[in-house]
Amino acid sequence: MSDARRPPEVDRAAASRRAVAARRERAALKRDVTTRVISPQELLRRALADPSSAAGAMRVTEFLTAIPAVGESKRDRILADLGISPVKRLGGLGSRQRDALRTFLDSRWPEPQPRSGRSRLLVLAGPTAVGKGTVAAHIKDHHPDILLSVSATTRSPRPGEVDGEHYYFVDDAEFDRLIRDGELLEHATVHNKYRYGTPKAPITAALEHGRTVLLEIDLQGARQVRAAAPDANLVFLLPPSWDELVDRLVGRGTEDAEERARRLRTARVELASQGEFDHHVVNDDVARAAEEVAALAR
Ligand code: 5GP
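Residues numbered from 1 in each chain as written. Predicted model: local features only at pLDDT ≥ 70, side-chain atom pairs only at ≥ 80, totals over all residues. Heavy atoms only, no water.

### Considering the overall build of the protein chain
Let me state the cut-off plainly: Helix and strand labels come from DSSP, where a helix needs a run of H or I of at least four residues and a strand needs a run of E of at least two; each type is numbered from the N terminus. Think of it in three bands: with a 1.4 Å probe and only protein chains considered, a residue is buried below 20% of the maximum accessible area for its type, exposed above 50%, and partly exposed in between. Any two residues whose heavy atoms approach within 4.5 Å at even a single point are treated as in contact. Surface exposure here means Shrake-Rupley accessible area, sampled with a 1.4 Å probe, where a residue is shielded only by the protein chains that are shown. Charge convention: Lys and Arg are scored as positive, Asp and Glu as negative, and His as well as the terminal groups of each chain are ignored. Here the site of a charge means NZ on Lys, CZ on Arg, CG on Asp, or CD on Glu.
Assigned secondary structure in the protein chain consists of 12 helices and nine strands. Considered along the principal axes of its C-alpha atoms, the protein chain spans approximately 80 × 40 × 35 Å. Split into buried and exposed, the 298 residues of the protein chain put 41% on the buried side. Of all intrachain contacts in the protein chain linking residues separated by at least 6 positions in sequence, the fraction that spans at least 24 positions is 67%. Carbon and sulfur atoms make up 51% of the accessible area of the protein chain, which totals about 15800 Å². Side-chain charges of the protein chain comprise 47 positive and 44 negative groups, with the mean position of each set lying 8 Å from the other.

What follows is the structure, encoded as structure tokens:
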């Protein structure tokens, strides 16, 4: 290229910065699919809605291998079956190819469909550090009509926590008694440490009075509620992205490195369970997410 046609130095530097940023954004999106923060269908929807976006610029090959359980040979077979060239980008797929890819994804990794006929019992669960507690506290402050269940726990109160308001702080013997007497709707040992459980009586009374009840509990608890009350509304709180979840976990700074690594492993497993839930709410903004959750029982 002659000097006259070469882009000025500053333009080239800016273009290369843009390319790096775009690559990073694509890598983050792939990680979100791999860690199941978003479904493959959601990534495809974003790509088709805006072909010039990071999702739109992603090659079909990269997209497919981001899906857990799809390796390179499986990917090549899928592309051959669907009649899609490996050099295609998601945003550049023709309408027949889009339909074929969508149908294939739906058949292999069906997205959960919201169920109807649910009760006023709302269960809010989600991965570690996603912000369940903050969203639940926001609902408590802004929706006095909704009862936020107070759990029993064997852990000690943190500074500022009030017995009977944040938790019922009990010892192991009392927790055993609550289980023995059938007073808990569900109970679980969380993070391999302390026991937590939901007292049954206040919930039954509130539901009988037509109130909405919100439980902010862990995944094991949510599964037990599903078994005990199959019409409960199970809500899964999602981080806006995997990177955001990692930031929140590290940013909190309350755990050491080993504990953080363990919680991240747990978070991956927890994210993989989102298909069991009736609703998915993204915690991109606490007030917005809280309103979306509160509206679900109406
Ligand atoms: P924390 O000790 O930080 O307040 O809560 C730790 C975890 O325990 C959170 O993930 C919270 O959702 C969960 N948790 C709180 N109460 C209950 C409960 O009654 N049952 C279950 N299964 N989990 C709970």
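### Observations regarding the packing of aromatic side chains
As a reminder, the rule being used: Here the aromatic set is Phe, Tyr and Trp, taking the six-membered ring for Trp, and pairing holds for ring centres within 6.5 Å; pairs whose planes are under 30 degrees apart are stacked, those over 60 apart are edge-to-face, and all others are tilted.
Counted under the stated rule, the structure contains four aromatic pairs. Their ring planes at 80° and their centres at 5.9 Å tell us that Phe104 and Trp109 sit as a pair that is edge-to-face. By relative accessible area, Phe104 is classed as buried at 15%. Trp109 sits in the partly exposed class, given a relative accessible area of 23%.

### Some points on the environment of Ala290
Along the polypeptide, Ala290 turns up in helix H12 (residues 286-295). Residue Ala290 is classed as buried on the basis of its relative accessible area of 0%. Along the backbone, Ala290 and Ala136 are 154 residues apart, and their C-alpha atoms lie at a distance of 7.1 Å.

### Describing the site of the ligand
Here is the rule: Nearness here has a simple test: a residue counts as near a molecule or strand if at least one of its heavy atoms is within 4 Å of that partner. Any pair of nitrogen or oxygen atoms within 3.5 Å is treated as a polar contact; in protein, a donor-acceptor pairing is required on top of that, and neighbouring residues in sequence qualify only through side-chain atoms on both sides. Three classes are used, and their members are as follows: Ala, Val, Leu, Ile, Met, Phe, Trp, Tyr, Cys and Pro are nonpolar, Asp, Glu, Lys and Arg are charged, and the others, Gly among them, are polar.
Lining the immediate environment of the ligand, one finds 15 residues, of which Ser151, Arg155, Tyr167, Tyr196 and Glu216 sit closest. Residue Arg155 places a side-chain N or O atom 2.7 Å away from an oxygen atom belonging to the ligand. Glu216 places a polar side-chain atom, nitrogen or oxygen, 2.6 Å from an oxygen atom of the ligand. Burial of the ligand by the protein chains amounts to 87% of its free accessible area of 520 Å². At the level of secondary structure, the elements contributing two or more residues to the shell around the ligand comprise strand E5 (184-190) and strand E6 (194-199). Across the shell around the ligand, the residue classes break down as five nonpolar, four polar and six charged.

### What about the sheet that holds strand E3 (residues 151-153)?
Definition in use: For two strands to be treated as a pair, DSSP must find no fewer than two bridges joining them. Axis definition: a line fitted to C-alpha atoms, over the contacting stretch in the case of helices. Angles run 0 to 180 degrees between N-to-C directions.
Strand order across the open sheet formed by four strands is E4-E3-E6-E5, with mixed pairing between neighbours. In the strand order of this sheet, the two ends are held by strand E4 (167-169) and E5, each with one partner. Each strand of the sheet is rotated relative to its neighbour by a mean of 25°, with strand direction disregarded. In the sheet, E5 pairs with E6 via six bridges, with the strands oriented antiparallel. Paired with Val190 across the two strands is Tyr194, which belongs to E6. Contacts from helix H7 (residues 172-180) reach E3, E5 and E6 within the one sheet, and its direction differs from that of E6 by about 40°.

### Topic: the nonpolar core
Selection rule: The set of buried Ala, Val, Leu, Ile, Met, Phe, Trp, Tyr and Cys residues whose side-chain atoms join them within 4.5 Å is what this entry labels a nonpolar core.
The biggest cluster of nonpolar side chains holds 66 residues, and the ones touching the most others in it are Leu43, Leu90, Leu101, Leu215 and Val293. Those residues in contact with Leu43 that lie beyond four places of it in its chain are Leu29, Val33, Ile38, Ala55, Met58, Phe63 and Leu90. In this structure, Ala152, Val170, Phe175 and Leu184 belong to the second largest nonpolar core, which totals five residues.

### Some thoughts on the environment of Ser151
Along the chain, Ser151 falls in strand E3. Ignoring any residue separated from it by four or fewer positions in sequence, one finds Ser151 in contact with Tyr167, Tyr168, Gly197, Thr198 and Pro199.

### A look at the side chain of His279
On the secondary structure map, His279 appears in strand E9 (residues 279-282). In terms of polar contacts, His279 uses its side chain to reach the side chain of Asn233, at 2.8 Å. Contacts of His279, omitting those with residues within four sequence positions, involve Asn233, Leu234, Val235, Phe236 and Leu296.

### Points about the environment of Arg268
Here Arg268 lies in helix H11 (residues 257-271). The class of Arg268 is partly exposed, set by a relative accessible area of 42%. As for Arg268 and Asp171, which are separated by 97 residues in sequence, their C-alpha atoms are 31 Å apart. In contact with Arg268, other than residues within four places in its own chain, are Thr35 and Trp242.

Without other data, these values stay purely geometric and don't point to any function.
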